[in-house]
Amino acid sequence: MTTTTGTYLIKGASILGGEASDVLIRDGIIAEIGHGLDAGGATVIDAAGCVALPGMVDVHTHLREPGREDAETVETGTRAAALGGYTAVHAMANSTPVADTAGVVEQVYTLGRAAGWVDVRPVGAVTVGLAGEQLAELGAMADSRARVRMFSDDGICVHDPVLMRRALEYVKAFDGVVAQHAQEPRLTAGAQMNEGDVSAVLGLTGWPAVAEESIIARDVLLAQHVGSRLHVCHVSTAGSVEIIRWAKERGIDVTAEVTPHHLLLTDDLVRSYDPVFKVNPPLRTDADVQALRAGLADGTIDVVGTDHAPHPSEHKECEWAQAAMGMTGLETALSVVQHAMIETGLMTWRDFARVTSTAAAKIGRLSDQGRPIEAGEPANLILVDPAARWTVDPSTMATMGRNSPFKGRELPGKVVATFYKGHPTVLEGALNTPHPDAAATTAGVA
């Protein structure tokens, strides 16, 4: 059962940063785009000065549920996603229990529908229990109600080349993709931060770039050999960008993501010993940051993925060596990308839509997301005020995680409204209500 949504008239929004237009939304669909539109009974939203963009799609979100509800839940994580401008997120598999069966991915899918803030698409584990020993139930997860198309052991590398080859071969049957956490474990044993000048000064065990690059090189060749799709998670080094560029030039079916924090922050921040800057893969050098920005701008890197990784405060407010790795990102991603890519002249808002929505939806095979803002298309879109400035305060965020590396920073751009399937989940920069379908799902009617 689908609940009918209302009628909304967005007035004067700059579509993809271009000409200002009116957008009429009716029953979950963009009904009309033009100038001077009028619709009796419609809720009118003044969008003068705002940019209209497709709803953002995150290929890499940790919602923690089931099992780690002390860190995040599907409800809190998707509230954060809506506030950040997302209309779809891919929930990573490293929950407790691991999402390695049809039952667990269906549970996450159902929780997402019941929450009603964004489209939640579970990511299935590649191996049972993320143990890297035998393939998980890939086919069963693909055939489940969750219709999983992305599989990843994120947080742990599928380091066995034979197992990785089998996974790449298996997902071809249902047009799936294996998303690899590229980290050769034998090269990163005990690693605490990027291997380089700063780690030498601080005396912390270094995490060499080659640990990431060697796995990417191996896996693009495996993908070419079996004719399968490969996605590389959170690319962090200049060398990785070059390997992916080389692979794409040869027609290998590889896509890649970069996180917002790797587009802006460097390992120099680790001098503070503040565990908020401890992340996997680690913050790298300024040269790596510049290479990542260039790779995103020229299309070598396809998408921005947040790797939103909330942790309880006690797992971050401790000494560096004992601290968990990870940063929150859903509510700051848009602003960080605007700062790093748009305000530097490397990208336009049209490019932004490609790397945060269109390409991400294609990778995850989400047919109703990342669509053009045109009449007849699903009304998954956002309104952004690019002139807004705000200071990051994790204590006011919807996510349960307070581990934002951008705390206290002033960032540009603010989401004014988020429309999910034609319903405003966010209005005037604040949470509104979940999609009406959520109530039907909760009642067991959907």
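Please read these numbers as outputs of a predicted model, since none were measured by experiment.

1. A few points about the overall build of the protein
The secondary structure content of the protein amounts to 11 helices and 19 strands. A globule of 446 residues ought to have a C-alpha radius of gyration of about 22 Å, and the protein, at 21 Å, matches this closely. Taking the principal axes of its C-alpha atoms as reference, the protein extends roughly 65 × 45 × 45 Å. Relative to its full complement of 446 residues, the protein shows a buried share of 60%. Within the protein, contacts between residues separated by at least 24 positions form 74% of all contacts whose residues are at least 6 apart in sequence. Within the structure as shown, the protein displays about 16100 Å² of accessible surface, and the carbon and sulfur contribution to it stands at 50%.

2. Focus on the side chain of Gln180
Considering the arrangement of structural elements, one finds Gln180 in strand S10 (residues 177–180). Looking at Gln180, its side chain comes within polar contact range of the side chain of Asp219, at 2.9 Å. Every residue in contact with Gln180, bar those within four places of it in the chain, is listed here: Cys157, Val158, Met164, Ile215, Arg218, Asp219, Leu230, His231, Val232 and Cys233.

3. Brief notes about the pairing of strand S1 (residues 7–15)
In the sheet, S1 pairs with strand S2 (residues 20–26) via 6 bridges, with the strands oriented antiparallel. Counterpart to Leu9 in the pairing with S2 is Leu24. Taken together, S1 and the strand that follows it, S2, pair antiparallel across an intervening segment of 4 residues, in which Leu16 is found at a positive phi of about 55°. When S1 meets strand S4 (residues 43–46), the two strands line up parallel, connected through 4 bridges. Each residue of the ladder has a partner; that of Lys11, found in S4, is Asp46. Both S1 and strand S5 (residues 51–54) contribute to a ladder of 2 bridges, which runs parallel. Paired with Ile15 across the strands is Ala52, a residue of S5.

4. Describing the packing of aromatic side chains
Tallied over the full model, the rule gives 4 aromatic pairs. Summarising the aromatic geometry, the rings of Tyr8 and Phe419 are spaced 5.6 Å apart at their centres and angled 70° between planes, so their arrangement reads as edge-to-face. Here Tyr8, found in strand S1, pairs with Phe419, found in strand S17 (residues 410–420); they are 411 residues apart in sequence, far enough to count as distant. Tyr8 sits in the buried class, given a relative accessible area of 12%. An aromatic cluster is present here, built from Phe151, Tyr170 and Phe174 joined pairwise through their rings. Lying across the ring of Trp390, Lys414 places its NZ or CZ 3.6 Å from the centre.

5. A word on helix H2 (residues 102–115)
For H2, spanning 14 residues, the distance from its first C-alpha to its last is 20 Å, which sits close to the expected 20 Å at 1.5 Å a residue. Inspection of H2 places Ala102, Val104, Val105, Val108, Tyr109, Gly112 and Ala115 among the buried residues, and these make up the whole buried set. Of the residues trailing H2, Gly116 is marked for its positive phi of about 80°.

6. A look at helix H6 (residues 209–226)
A rise of 1.5 Å per residue sets the reference length of H6, with its 18 residues, at 26 Å; its end C-alpha atoms lie 26 Å apart and thus fit the reference within 8%. Where H6 is concerned, the buried positions are Ala211, Glu212, Glu213, Ile215, Ile216, Arg218, Asp219, Val220, Leu222, Ala223 and Val226. Its buried side turned inward, H6 meets helix H4 (161–171), S10, strand S13 (230–232), helix H7 (238–249) and strand S14 (254–258). The first or second residue beyond H6 is Gly227, which carries a positive phi of 70°.

7. Remarks on unusual backbone geometry
With an omega of 10°, the peptide bond between Glu65 and Pro66 qualifies as cis. In this model, Thr96 is joined to Pro97 through a cis peptide bond whose omega is 10°. Among the secondary structure elements, Pro97 is positioned in the loop between strand S7 (86–91) and H2. In the Ramachandran plot, Tyr273 falls in the positive-phi region, its phi being about 60° despite a non-glycine side chain. You will see that Glu428, though not glycine, has its phi angle at about 55°, which is positive. Note that Glu428 resides in the loop between strand S18 (423–427) and strand S19 (430–431). Note on Glu428: relative accessible area 77%, which makes it exposed.

So, how was this worked out
- Every chain begins its residue count from 1, and numbering advances along the sequence as written.
- This being a predicted model, a pLDDT of at least 70 is required before a residue's local features are given, and a value of 80 or more before pairs of side-chain atoms are given or counted; all residues contribute to the totals for chains, interfaces and linings.
- For side-chain calculations, the full set of non-hydrogen atoms in the structure is used, while hydrogens and water are omitted.
- The helix and strand labels rest on DSSP assignments: H or I over at least four residues marks a helix, E over at least two residues marks a strand, and numbering proceeds from the N terminus.
- The size measure is the radius of gyration over C-alpha atoms, and the globule rule it meets is 2.2 Å times the number of residues to the 0.38 power.
- Note on exposure labels: buried denotes an accessible area under 20% of the residue type's maximum, exposed denotes more than 50%, and partly exposed covers the range between, all computed with a 1.4 Å probe on protein chains only.
- The contact rule is simple, with two residues in contact once any of their heavy atoms fall within 4.5 Å.
- Method for areas: the Shrake-Rupley scheme with a 1.4 Å probe, in which residue coverage is limited to the protein chains shown.
- Under the rule applied, a polar contact is a pair of N or O atoms within 3.5 Å (in protein, one hydrogen donor and one hydrogen acceptor; residues adjacent in sequence only if both atoms are side-chain atoms).
- Pairing between strands is defined by DSSP: at least two bridges between them are needed.
- In this scheme Phe, Tyr and Trp rings, the latter by its six-membered ring, pair at centre separations within 6.5 Å, and the angle between planes marks the pair as stacked below 30 degrees, edge-to-face above 60, and tilted otherwise.
- Sitting over a ring, as applied to charges here, requires NZ of Lys or CZ of Arg to be within 6 Å of the ring centre and within 35 degrees of the ring normal.
- Helix span is expected to be 1.5 Å times the residue number reduced by one.

Shape descriptors only; they carry no functional weight alone.
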